[in-house]
Amino acid sequence: MSPRGKTRTLALAATAALALMLSACAPGSEAPAPSAPQSGATIEKDVAKMGEQTLTVWDQEVRGGQNEQMTKLNAAFEAKYPNITIKRNSQSFEDLGKTLRLALSGTDAPDVVQANNARNTMGAFVKAGQLLPLDDWAKAYGWTDRYPASVLKYSQYSTDGTTFGAGSVYGLPQVGEVVGVFYSKKKLESLGLEVPADWAAFEAAIATAKEKGETPLLLGNIEKWPAGHVFGPIQGAKVPAEAIEKLGFGNAGASWTSGENQAAAQTLADWSAKGYFNKGVNGTDYDAAWQKLTKGEGVFLMGGSWMAADLADAMGEDVGFFAPPATAGQGAHTTGGTGLPFTVTAKTGNADLAAAYIDFITNKDAMKVLADTGNLPVLDTAAHAPASGVLKDVYTAFESVTTDGVLLPYLDYATPTMGDTLGDSLQGLLDGRIDAKAFTEAMEADYAGFTQGQ
Amino acid sequence: MRALPRASSGPGTPGRHTARQGRAITPYLFIAPAFIIYAAFMLYPLARAVHLSLYDWDGLSLATFVGAGNYTDILSDTRLRAAFGHAGAFIFFYAVLPCGIGLVLAAVLTRAKARGLALFRTLVFLPQVIAMVVVSVAFKQIYAPDGLLNTVLRSIGLDSLTRAWLGDYVFSLPAVGLIGSWVSTGLVTVLLLAGMARIPTELFEAARLDGAGAVREFIYIIVPSVRAELTVALTLTIVASLKTFDLIYMTTSGGPGSSTTVPSYEVYRRAFETGQVGSAAAIGVTLTIIIFLVTLAVNRISERGA
C-alpha cells in the first residue's frame, strides 16, 4: 500500500471511529434521574436488626486528630453492632474532591461520603440526584433539634439543587470552623492595647499598632483564597447578615454592588494602601504568614480556627483568638462553617444503615470524642472547651457566633466559579490594581450570572 | 521486508497469490499489539476528549450539546486568551532563551577544552533530574518577600528593586518563566555538546588558517553543524513550555489575578474544580493542536534550512 493510501485509510478509520462516538449517547446520560424524596417509607433505626452488612465510607479525615476520632468512632460503631463491617476509604481533601465525582457516577458508589458543602461539589451532586435527601431520617433521629438552624443550613439544599441553605437536609457535619483574629498576647500588652471588644476597637487597634511601627496584620495570599478570610469578617461587620448569606449561598435576592459591600471592599483596600499588611502579601505563603506571628513579626493574624493547633504548638499561652462583633457584647457575624458533612449516596444499598452511622458519629458521645482528639466539635462546643489556651478562645468564639451571632458562609460557596473570581479580585484589590467598585462589580457579575441562570 | 517473500516465492509459483495476501496483512499483525495499546490509551482518550469538548457538561448530570461553543469561548474569554498568551511567553523562557544560552555555553565548553567537562556537564544537567515540584518549592522560597533574591538585592543596596516576585502583576510571569529557563538550559546544553563533539577539528583548523576568530567559528561552523540537535532541543523545550502545569500549580496558582495562568492549569481547574468538563476538554484539544502545529513548523523550518 502506498504511503498516501495508508494515510487515507487511517484517516477514514479515525473519522469512522469519531462519528461512532459522536452518535453515541451524550456524556452523563448514564447518570440516574434525580430521585424523589422517599417519604412515607418506614425507617429502621435498630442497626442490630439489619443483619450482616458492609458500610463503605469515604472520608477526608486524614490528619492527626481527625484520623484519630474517625478510627475511634468507627471502632465504637463496629463494637456496638458486630453485624456491621465498616470499609473506610480515607483521602486528603484535595484527592477526595477529585475522585468523588467519578465515584458517585460509577456503578460501585460508596454508601456514605464526605462532600464539601459548596455548590460546585455538594450542590452539583444534589442536582445530579446522586445524594439522598435525609429529611425522613432527620425527623426520626431529631437532627433538627440536635443542630442549630444556623449550622444545619450549611448541609441543606432544595432537591433540585437550586437553593442552598434551605430545603432538604443532605448530610451532617462533625466539626465547626470559625474565622477570627489570632494575636500575640505579649505583643498586644507591649503596645498597651486591650483585646478589642468590638469591630471599631479592632480597627483602632490596627491603626495604633501601625503608628507604633509594628506590622498590624499578617497575611500570606499567594494561594489566592486566604484573603477571603480577611474580607469575610470585614464584610460580616459592615453588611447585613441576610445579604451576605444570600451572596454566599448563591441564592438570588442580594447584590454585591450595594453600598455596604463597597464599603467593606474599601476597608480592605485602605488597609492595604496604608501598609497595614506585611509587604508583598500576594507573594507570601499562607504558612509563612502564621509563622511570622509566632516569631513576633506582627500583631494580628486573621484566619480560621484550624490554625489554632499549630499556633498553640509554637506560641503556647502567648496566642489568643477572638471574633470581634459589630457591637460589643453581642455575638459576632463572621465567616465560618462546618467540616465537610457526611452524606448518603443515592446508590447506597442500605440508606437506614448509612443514616444510623451518620447519627452515631454526630451524637453527644461523638462530640466528646471529637473534643478529646483536639477537634472543634460542632455541637455543645463551649461545654467541651479546654480550661485554658487558644483552644478555649476558639471554642468560646464558635459557641458565641453560632448561638448569639451569625455564622456566615464562605463566599466561594456561591457559584462553581466563585473561588476563582473571589481569589483573583481580592489579589487585585490588595495590589491596588482594581478599586472597591471594580471589585464588587466583578463579584456581582459572577453571582448575578449564576443566580439568573438558575 | 518486501524483498523477503519475493525471494522465497518466485513469479508464477502457485503460492504467489496467498503469499501476497499474507504480505498485505503481516506488517499490520506485527504492529497490532502496540497499536491496540496505543489506541486504547492514547487515541481513544483523545477522541473522547474531542467528543466531550462539544458538550456543556459538569461531569455529573446530563450534558447538553453546544457544538463549537466551547471553542469560541476560548477566543472570547479574556482569561483563556491570556492563558494561551502566557504559554506563548513561556516558549521564550523555556525554549528560546535556553537555546541561546545553551549554544554559547556548549560552544565555549567544546572549544575551550576545559578540564572536568564531565563534571560540568553533570552540573548543568542536574535541574532536569530534579522533580519539577521540588524545583518549584525551592524557587518559591527564593522569590519570597524575605527570600534569597530579595536578601541579596538588599545586601548590595538595591532595596528599591525588592518585591514579592511571585505576587507582582508585572514580574510574576518572567519570574516563573526563568525557573523554566533554569530547568531547560541543562537539557539543551547537553544535547548541543553531543552535537558539537562530532564536528571534525580540521574544520576549526581550516577556519583558523583562513583567519576566522571565535565569533566567526561560532556562526559559520558550530551553529550550522548542530542544526539537527537544535531542532530536537527546540521541539522538546517548546512542547514542555506549552504543557507547563506543575510549575504554575506549585508556585502561583495562576496568580496574582490571572497573570500567570496557563492552558494546562485552566484544564485542571475546569475539569476538577469548577465543573466545566466540556470547556476543559476543548482547551486540552486546542492545546494539543497548537503543540502539534508549532512542533511541525519547527521541524519544517529546520528541514528547509538544511
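For every chain, the first residue of the written sequence is number 1, and numbering continues from 1 onward in sequence order. A letter from A marks each chain and a number from 1 marks each ligand, given out in the order of writing. Whole-chain, interface and lining totals are the exception, using all residues; otherwise, since this is a predicted model, local features are given only for residues with pLDDT of at least 70 and side-chain atom pairs are given and counted only at 80 or more.

Visitor: Tell me what's going on with the overall build of chain B, and back it up with residues and numbers.
Guide: Think of it this way: any DSSP run of H or I at least four residues long counts as a helix, any run of E at least two long counts as a strand, and we number them from the N terminus. For chain B, the count of helices and strands is 14 helices and 2 strands. Each of the three principal axes of chain B carries a C-alpha extent, and together these read 90 × 75 × 30 Å. Buried means a residue has 20 or more other C-beta atoms within 10 Å of its own C-beta, exposed means 12 or fewer, and partly exposed covers the counts in between; C-beta atoms are placed from the backbone. Residue burial in chain B is summarised as follows: out of 306 residues, 36% are buried. Considering only contacts in chain B between residues 6 or more positions apart, those separated by 24 or more positions represent 72%. We call two residues in contact when their backbone-placed C-beta atoms lie within 7 Å.

Visitor: I'd like to hear about the nonpolar core, residue by residue, with values.
Guide: A general tendency of soluble globular proteins is for nonpolar side chains to be buried together. All names here are of chain A. We call a set of buried Ala, Val, Leu, Ile, Met, Phe, Trp, Tyr and Cys residues a nonpolar core when their C-beta atoms link them within 7 Å. Grouped together as the largest cluster of nonpolar side chains are 127 residues, with contacts concentrated most on Val112, Phe125, Phe182, Leu217, Leu311, Ala354 and Val394. Counting contributing residues per domain, this core is built from domain 1 (12–175 + 339–380) and domain 2 (178–337 + 390–451), each supplying no fewer than three. Apart from the residues within four sequence positions on either side, phenylalanine 182 is in contact with Leu293, Leu301, Gly303, Met307, Leu311, Val319 and Phe321. Start and end positions for the domains come from either an automated domain assignment or a database one.

Visitor: Can you break down the interface of chain A and chain B residue by residue, with the values?
Guide: If you look at the interface, chain A gives 37 residues, while chain B gives 34 residues. Every element with two or more residues in the side of chain A that touches chain B is listed here: α1 (3–23), α3 (93–105), α4 (119–127) and α18 (418–431) of chain A.

Visitor: Outline the packing of α18(A) against helix α19 (residues 436–453) of chain A, supporting the account with residue identities and numerical values.
Guide: All names here are of chain A. In this description, a line fitted to the C-alpha atoms serves as the axis of each element, helices being fitted only across the stretch in contact, and the angle between N-to-C directions of two axes falls anywhere from 0 to 180 degrees. Where α18 contacts α19, the axes come no closer than 10 Å and their chain directions differ by 175°. Compared by their axis directions, α18 and α19 come out roughly antiparallel. Listed contacts from α19 to Met418, Thr421, Leu422, Ser425 and Leu429 of α18 are Phe439, Ala442, Met443 and Asp446. Each residue gets one of three labels, nonpolar for Ala, Val, Leu, Ile, Met, Phe, Trp, Tyr, Cys and Pro, charged for Asp, Glu, Lys and Arg, and polar for the others, Gly among them. Looking at the contact of α18 with α19 residue by residue, the classes come out as 6 nonpolar, 2 polar and 1 charged. Here the angle decides the label: under 35 degrees means roughly parallel, over 145 means roughly antiparallel, 65 to 115 means roughly perpendicular, and every other value means oblique.

Visitor: Let's hear about the pairing of strand β11 (residues 333–338) of chain A: which residues, and what values?
Guide: Working note: regular strand, side chains alternate between the two faces of the sheet. Residues and elements named next belong to chain A. β11 sits mainly inside the fold: 6 of its 6 residues count as buried. Taken together, the 3 bridges between strand β7 (residues 176–184) and β11 define a ladder with antiparallel strand orientation. Bridge assignment links glutamate 177 to a residue of β11, and that residue is glycine 337. Should DSSP find at least two bridges between two strands, the strands are taken to pair. When β11 meets strand β13 (residues 406–408), the two strands line up parallel, connected through 3 bridges. Residue pairing across strands places histidine 333 opposite valine 406, the latter belonging to β13.

Visitor: Please set out the domain arrangement of chain A residue by residue, giving values where relevant.
Guide: Residues and elements named next belong to chain A. Assigned domains within chain A: domain 1 (12–175 + 339–380) and domain 2 (178–337 + 390–451). Spacing between the C-alpha centres of domain 1 and domain 2 amounts to 31 Å. Counting from both sides, the interface comprises 13 residues of domain 1 and, opposite them, 20 residues of domain 2. When contributions to the side of domain 1 that touches domain 2 are tallied by element, the ones reaching two or more residues are α4 and α7 (149–152). For the side of domain 1 that touches domain 2, the class distribution of residues is 6 nonpolar, 6 polar and 1 charged.

Visitor: An account of the sheet that holds strand β12 (residues 342–344) of chain A is requested, with residue identities and associated values reported.
Guide: Residue and element names in this part refer to chain A. With mixed pairing, 5 strands are arranged side by side in an open sheet as β2-β1-β3-β12-β6. Whereas interior strands pair on both sides, the edge strands pair on one side only; in this sheet they are β2 (84–90) and β6 (171–172). In this sheet, β2 lies alongside strand β1 (residues 53–59) in parallel orientation, the contact comprising 7 bridges. Within the sheet, the bridge partner assigned to tryptophan 58 lies in β2 and is asparagine 89. Of the strands in this sheet, β1 and β2 are in contact with helix α2 (residues 64–80), which crosses β2 at around 165°.

Visitor: So what's going on with the environment of A:Asp420? Which residues, and what values?
Guide: Note on placement: A:Asp420 falls in helix α18. Sequence-wise, A:Asp420 and A:Asn120 are 300 residues apart; in three dimensions their C-alpha atoms are separated by 12 Å. Other than its neighbours up to four places away in sequence, A:Asp420 contacts B:Arg269 and B:Thr274.

Visitor: Explain the environment of B:Thr252 residue by residue, including any values.
Guide: For B:Thr252, the location among the structural elements is in the loop between α12 (246–251) and α13 (263–273). You can call B:Thr252 buried: it has 29 C-beta atoms within 10 Å. Each residue touching B:Thr252, except ones within four places of it in the same chain, is listed here: A:Ile222, B:Leu166, B:Ser172, B:Val176 and B:Thr260.

Visitor: Requested: an account of the pairing of β7(A), with residues and values cited.
Guide: Residue and element names in this part refer to chain A. For β7, the buried fraction is high: 8 of the 9 residues fall into the buried class. As defined by bridge partners, β7 adjoins strand β9 (residues 300–304) across 5 bridges and the pair is classed as antiparallel. For phenylalanine 182, the partnering residue across the bridge sits in β9 and is leucine 301. Bridge count between β7 and strand β10 (residues 319–322): 4 bridges; the pairing is antiparallel. In the strand pairing of β10, phenylalanine 182 is matched with phenylalanine 321.

Visitor: Can you tell me about the confidence of the model for chain B, naming the residues and giving the values?
Guide: Residues and elements named next belong to chain B. Within a predicted model, pLDDT stands for the predictor's per-residue confidence, ranging from 0 to 100. Summing up the model confidence of chain B, the mean pLDDT is 87 and the portion of residues at 70 or higher is 92%. Mean pLDDT across the secondary structure elements of chain B bottoms out at helix α1 (residues 3–8), with 42, and peaks at helix α7 (residues 148–155), with 94. pLDDT under 50 marks residues 1–16. Its contacts with residues more than four places away, or in other chains, come to 7 contacts. Complex prediction metrics read pTM 0.85 and ipTM 0.82.

Visitor: Go over unusual backbone geometry with me, naming the residues and quoting the values.
Guide: Of note, the amide linkage connecting B:Gly255 to B:Pro256 takes the cis form, showing an omega dihedral of -5°. By the secondary structure assignment, B:Pro256 is in the loop between α12 and α13. The phi dihedral of A:Lys224 falls on the positive side, at around 80°, and the residue is not glycine. Here the phi dihedral of A:Asp380 falls at roughly 50°; this positive angle occurs in a residue that is not glycine. As for its position among the elements, A:Asp380 is in the loop between α16 (364–372) and α17 (390–403).

Visitor: So what about the confidence of the model for chain A? Which residues, and what values?
Guide: Within chain A, residue pLDDT values average 89, and 91% of them lie at 70 or more. Within the model, pLDDT remains below 50 along residues 33–40 of chain A, and this stretch shows 12 contacts once partners closer than five positions in the same chain are excluded.

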